[in-house]
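Chain and residue survey
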Amino acid sequence: AQSVTQLDSHVSVSEGTPVLLRCNYSSSYSPSLFWYVQHPNKGLQLLLKYTSAATLVKGINGFEAEFKKSETSFHLTKPSAHMSDAAEYFCVVRPMFSGGYNKLIFGAGTRLAVHP
Amino acid sequence: SQTIHQWPATLVQPVGSPLSLECTVEGTSNPNLYWYRQAAGRGLQLLFYSVGIGQISSEVPQNLSASRPQDRQFILSSKKLLLSDSGFYLCAWSSGTYEQYFGPGTRLTVT
């Protein structure tokens, strides 16, 4: 069965320091992978996606993620955190055989806090 | 460009009352549509999805139902709300690509 595990439920960083949010997936085939961000009481916004092209994926707001098949990981990084990055982040996998309706599997989320 | 609307933004309803949440998408045709619920401190739970008008599939048995009367309109309903129906309801769409795009959400509090 397909699954996704976000290794940290909470991450706290200082403004201007690097961000690392960890995600591991379980899939028998090459999945599509996504990171979404959710600010309080808002909908989810797509940060970036991996769909079997380049393994290093660049997204919005300076975020990027690297697909590592050997480690089944898709960690999200940003070189320098900004106060506005404080939010909840979801790692999401779309299994290769997802059916006609494009089923997504969501991780439990990582809450990122950014301190001055 | 595509946009997705949800209303109302917030709703407080007593137990046993009916519910109707609406979602509309602009700028795309024949999208797949989804309803999710996000309970406090928990992840997203897919409730319903639709691949076309009148075609609704339910992921989990519950007190809710969904309808798609028009191509870009998706409605979430209940005849009698339960306390456990409280949560943040998100509508999403996808079309031609794998990612889904989410609306702003509706915060439902059942009292």
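Nothing here was measured: the structure is a model prediction, and the numbers come from that model.

Side note on the overall build of chain A
Along chain A, the regular secondary structure elements total zero helices and twelve strands. Counted from the first residue to the last, chain A has its helices and strands arranged as β-β-β-β-β-β-β-β-β-β-β-β. On C-alpha atoms alone, chain A measures out to a radius of gyration of 14 Å, which is about the 13 Å that the 2.2 N^0.38 rule sets for 116 residues. Viewed in the frame of its principal axes, chain A has a C-alpha envelope of about 45 × 30 × 20 Å. Counting contacts in chain A only where the partners sit at least 6 residues apart, residues at least 24 apart contribute 56% of the total. Accessible surface for chain A amounts to roughly 5,600 Å². Of this, 53% is attributable to carbon and sulfur atoms. Across chain A, 10 positive and 7 negative side-chain charges occur, with their mean positions spaced 9 Å apart.

Observations regarding the overall build of chain B
The number of helices and strands found in chain B is zero helices and eleven strands. Put simply, chain B runs from its N terminus to its C terminus through helices and strands in the order β-β-β-β-β-β-β-β-β-β-β. Here the C-alpha radius of gyration of chain B, 13 Å, is about what a compact globule of 111 residues would show, namely 13 Å. Looking at chain B as a whole, 47% of its 111 residues qualify as buried.

Quick notes on the pairing of strand 7 (residues 65–70) of chain B
Residue and element names in this part refer to chain B. Note: strand 7 against strand 8 (residues 73–78), four bridges, orientation antiparallel. Looking at the pairing, Ala 66 lines up with Leu 76 of strand 8. Joining the antiparallel neighbours strand 7 and strand 8 is a turn of two residues.

Let's talk about the nonpolar core
The biggest cluster of nonpolar side chains holds 27 residues, and the ones touching the most others in it are Trp 35, Leu 48, Leu 76 and Tyr 89 of chain A. Per-element tally for this core: the top contributor is strand 10 (residues 87–94) of chain A, with four residues. Listed in part, the 20 residues of the second largest apolar core include Ile 4, Val 25, Leu 47 and Cys 91 of chain B.

A word on the environment of Leu 11 of chain B
Relative to the assigned elements, Leu 11 of chain B resides in strand 2 (residues 10–13). Distance in space between the C-alpha atoms of Leu 11 of chain B and Ser 86 of chain B is 9.7 Å, their sequence separation being 75 residues.

Some details on the interface of chain B and chain A
Opposite the 21 residues of chain B that make contact, chain A presents 19 residues. Taken over both partners, the interface formed by chain B and chain A buries close to 1,600 Å², and the fraction arising from carbon and sulfur atoms is 56%. When the buried surface of chain B facing chain A is broken down by residue, Tyr 98, Glu 99 and Phe 102 of chain B rank first, second and third, together holding 35% of it. In this assembly, chain B and chain A are joined by one salt bridge.

What to know about the side chain of Gln 73 of chain B
Residues and elements named next belong to chain B. Looking at where Gln 73 falls in the secondary structure, it is placed in strand 8. At 2.6 Å, the side chain of Gln 73 and the side chain of Glu 22 are in polar contact. Look past the residues within four positions of Gln 73 in its chain and what remains in contact with it is Glu 22, Cys 23, Thr 24, Leu 33, Ser 67 and Arg 68.

Thoughts on the pattern of salt bridges
Residues and elements named next belong to chain A. With the rule as written, the count across this model stands at seven salt bridges over all chains. Between Arg 22 and Asp 8 there is a salt bridge; the shortest N-O distance is 3.0 Å. Separated by 14 residues along the polypeptide, Arg 22 in the loop between strand 3 (19–21) and strand 4 (23–26) and Asp 8 in the loop between strand 1 (3–6) and strand 2 (10–14) bring together distant segments of the chain.

Things to note about the packing of aromatic side chains
Evaluation of the coordinates by the stated rule reveals 13 aromatic pairs over all chains. On the basis of an interplanar angle of 50° and a centroid distance of 6.3 Å, the ring pair of Tyr 50 of chain A and Phe 74 of chain A is categorised as tilted. Of this pair, Tyr 50 of chain A sits in strand 6 (residues 44–50) while Phe 74 of chain A is found in strand 9 (residues 73–78), placing the two residues 24 residues apart along the sequence. As far as burial versus exposure is concerned, Tyr 50 of chain A and Phe 74 of chain A are alike and both buried. Put simply, the rings of Phe 34, Tyr 36 and Phe 106 of chain A together with Tyr 34, Tyr 36 and Phe 102 of chain B touch in pairs and so form one group of aromatic residues.

Conventions adopted
Residues numbered from 1 in each chain as written. Chains lettered and ligands numbered in written order. Predicted model: local features only at pLDDT ≥ 70, side-chain atom pairs only at ≥ 80, totals over all residues. Heavy atoms only, no water. Helix = DSSP H or I, 4+ residues; strand = E, 2+ residues; numbered from the N terminus. Rg over C-alpha atoms; globule rule 2.2 N^0.38 Å. Contact = heavy atoms within 4.5 Å. Areas by Shrake-Rupley, 256 points an atom, 1.4 Å probe, with all protein chains shown as cover. Lys, Arg positive; Asp, Glu negative; His and termini not counted. Charge placed at Lys NZ, Arg CZ, Asp CG, Glu CD. Buried < 20%, exposed > 50% of the residue type's maximum accessible area, 1.4 Å probe, protein only. Pairing = 2+ DSSP bridges. Core = buried A, V, L, I, M, F, W, Y, C linked by side-chain atoms within 4.5 Å. Buried area = accessible area lost by both parts, 1.4 Å probe. Salt bridge = Lys/Arg side-chain N within 4 Å of Asp/Glu carboxyl O. Polar contact = N/O pair within 3.5 Å; in protein donor to acceptor, adjacent residues only side chain to side chain. Phe/Tyr/Trp six-rings, centres within 6.5 Å; stacked < 30°, edge-to-face > 60°.

These figures come from the coordinates and say nothing about function on their own.
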